[in-house]
Amino acid sequence: MSSLAVQKAPSAAGATGAAQGRPPLRRRIALVPTVTLLIGAMYCLLPVAWVVIASTKSGRELFSTFTFLPGTGFTDNLSDLNAYRDGVYWQWMGNSALYAGVGALLSTVVSAFSGYALATYRFRGRESIFNILLAGVLMPPVILAIPQYLLLAKADMTDSYLSVLLPQILSPYGVYLARIYAAAAVPGDVVEAGRMDGASEWRIFTRIALPMMIPGMVTVFLFQFVAIWNNFLLPYIMLSDDEKFPITVGLQTLLEQGANTPALYTLVITGAFLAVLPLIALFLVIQRFWSLDLLSGAVKS
């Protein structure tokens, strides 16, 4: 019996050592989300890396060198893009900034008013309105483009800046986010306390509720800005004057001309790279607002 015990002891010690040599099962399972996120990040960043590298290549290098090998023609591409049709590219960039900036700002204001009203006030038909908004969230924007064009054509407003701005002001998804965020961030007791103190509804909204909703409204603004900046179908249908084109439609016209003039491909790629930079800068500027405490604005006011 004693010899059997002595013989079993090394095997148990060996098993313990082998277990100590491997990471625990819980730690190995925890690595799965990290690996998944890394794969997703690579999937999203790989096209961006290609655009950045391809924008440095001349027309000859674009089709003759390795895909991820940097080129030597970035400055020439910038000069050619700046000289193309007397700098119409920068006109397209300015148009996109106008459409996205003004449209996102107005949409955020409308979403803040609507979301706060749906979250705070009790009135007949409130749930029906909210359900209609949910239906609007589920409806693809492509379906609405043609009806919007027909309505604005009846009003003789097509081929104008307003024809692109007006359909962007009301965002069902923005109203939905504002409503959910207002219900979570604005306590009903705080609103009732303001009313008991004699504050008007407008003052309660601007001085108490709105500062609490700022992080959520920044999110709505960012989503709308990116959506309008990247929107292609609506301005493509509404506009015929190329000087009013946003950057998406302008680059599409360059790409179509590139089928007959391959030298324009480098301009399209360089223009696409420059068009990404404002979105990155916007994200870096406004991301600090997400770290604000929900009640800090109301306490300061």
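Refer to the preceding data block for the structure.
Owing to the predicted nature of the structure, the values given are computational and were not obtained by experimental measurement.

### Side note on the overall build of the protein chain
The number of helices and strands found in the protein chain is 15 helices and zero strands. Taking as baseline every contact in the protein chain between residues at least 6 positions apart, the subset at least 24 positions apart corresponds to 74%. Total accessible area on the protein chain stands at roughly 18000 Å², and carbon and sulfur atoms take up 68% of it.

### Some thoughts on the layout of surface pockets
Approximately 620 Å³ is the volume found for the largest pocket. Listing elements by their share of the lining of the largest pocket, those giving two or more residues are α6 (126-138), α7 (141-154), α8 (161-169), α9 (172-185), α11 (201-230) and α12 (233-238). With five residues, α7 is the single largest residue contributor to the lining of the largest pocket. Reported here for the second largest pocket is a volume of approximately 310 Å³. Lining the second largest pocket are 14 residues; nearest its centre among them are Asn230, Ala272, Ala275, Val276 and Leu279. Residue contributions to the lining of the second largest pocket peak at six residues, all from helix α14 (residues 264-286). Classifying every residue of the lining of the second largest pocket by side-chain character gives twelve nonpolar, two polar and no charged.

### Quick notes on the nonpolar core
Counting residues in each nonpolar core, the largest one holds 36 residues, and the members touching the most others are Tyr89, Trp92, Phe225, Trp229, Ile247 and Leu254. Elements that contribute at least two residues to this core include exactly α5 (88-120), α8, α11, α12, α13 (247-258) and α14. Discounting residues that sit within four places of it in the chain, Trp92 has contacts with Asp242, Phe245, Pro246, Ile247, Gly250, Leu251, Thr253 and Leu254.

### Focus: α11
Between the first and last C-alpha of α11 there are merely 37 Å, a value that for 30 residues lags more than 12% behind the 44 Å anticipated at 1.5 Å per step. Along its length, α11 shows its largest kink, about 60°, at Ile214, and proline Pro215 lies within four residues downstream of that point.

### A word on the side chain of Asn95
Within the secondary structure, Asn95 sits in helix α5. Since its relative accessible area comes to 4%, Asn95 is described here as buried.

### Examining unusual backbone geometry
Even without glycine at this site, Arg85 takes up a positive phi of about 50°. In this fold, Arg85 is placed in the loop between α4 (74-83) and α5. For Arg85, a relative accessible area of 41% corresponds to the partly exposed category. Positive phi outside glycine occurs at Asp159, with the angle close to 60°. Note on placement: Asp159 falls in the loop between α7 and α8. What makes Asp159 partly exposed here is its relative accessible area of 24%.

### A closer look at the packing of α5 against α11
The description of two helices packed together rests on the angle between their axes and the distance between the axes. Viewed as axis vectors pointing N to C, α5 and α11 meet at an angle of 140°, and their least axial separation amounts to 7 Å. On the basis of the axis angle, α5 is oblique to α11. Read as a crossing pair, α5 and α11 show a hand that is right-handed. Taken together, the residues of the contact of α5 with α11 sort by class into 21 nonpolar, seven polar and no charged.

### As for the packing of aromatic side chains
Enumeration over the complete set of coordinates arrives at 15 aromatic pairs. With a centroid separation of 6.2 Å and 25° between ring planes, the pair formed by Tyr173 and Phe223 is classed as stacked. Residue Tyr173 is found in helix α9, and its partner Phe223 is found in helix α11; the two are separated by 50 residues along the sequence. According to the relative accessible area criterion, Tyr173 is partly exposed, its value standing at 39%. Of the aromatic side chains, those joined through ring pairs into one cluster are Phe113, Tyr116, Tyr121, Trp202 and Phe205. Cation over ring: Arg179 sits above Phe130, and NZ or CZ is 4.2 Å from the ring centre.

Parameters at a glance
Residues numbered from 1 in each chain as written. Predicted model: local features only at pLDDT ≥ 70, side-chain atom pairs only at ≥ 80, totals over all residues. Heavy atoms only, no water. Helix = DSSP H or I, 4+ residues; strand = E, 2+ residues; numbered from the N terminus. Contact = heavy atoms within 4.5 Å. Areas by Shrake-Rupley, 256 points an atom, 1.4 Å probe, with all protein chains shown as cover. 1 Å grid on protein atoms, 1.4 Å probe; cavity = no way out; pocket = protein on both sides within 12 Å on 5 of 7 lines; lining within 4 Å. Points joined across faces, edges and corners; volume = space filled by probe spheres on them. Nonpolar A, V, L, I, M, F, W, Y, C, P; charged D, E, K, R; others polar. Core = buried A, V, L, I, M, F, W, Y, C linked by side-chain atoms within 4.5 Å. Buried < 20%, exposed > 50% of the residue type's maximum accessible area, 1.4 Å probe, protein only. Expected span 1.5 Å × (residues − 1). Bend = angle between axes of the 7 residues up to and from the residue. Axes fitted to C-alpha atoms, helices over the stretch in contact; angles between N-to-C directions. Parallel < 35°, antiparallel > 145°, perpendicular 65-115°, else oblique. Left-handed = near helix turned anticlockwise from the far one by under 90°. Phe/Tyr/Trp six-rings, centres within 6.5 Å; stacked < 30°, edge-to-face > 60°. Lys NZ or Arg CZ within 6 Å of the ring centre and 35° of its normal.

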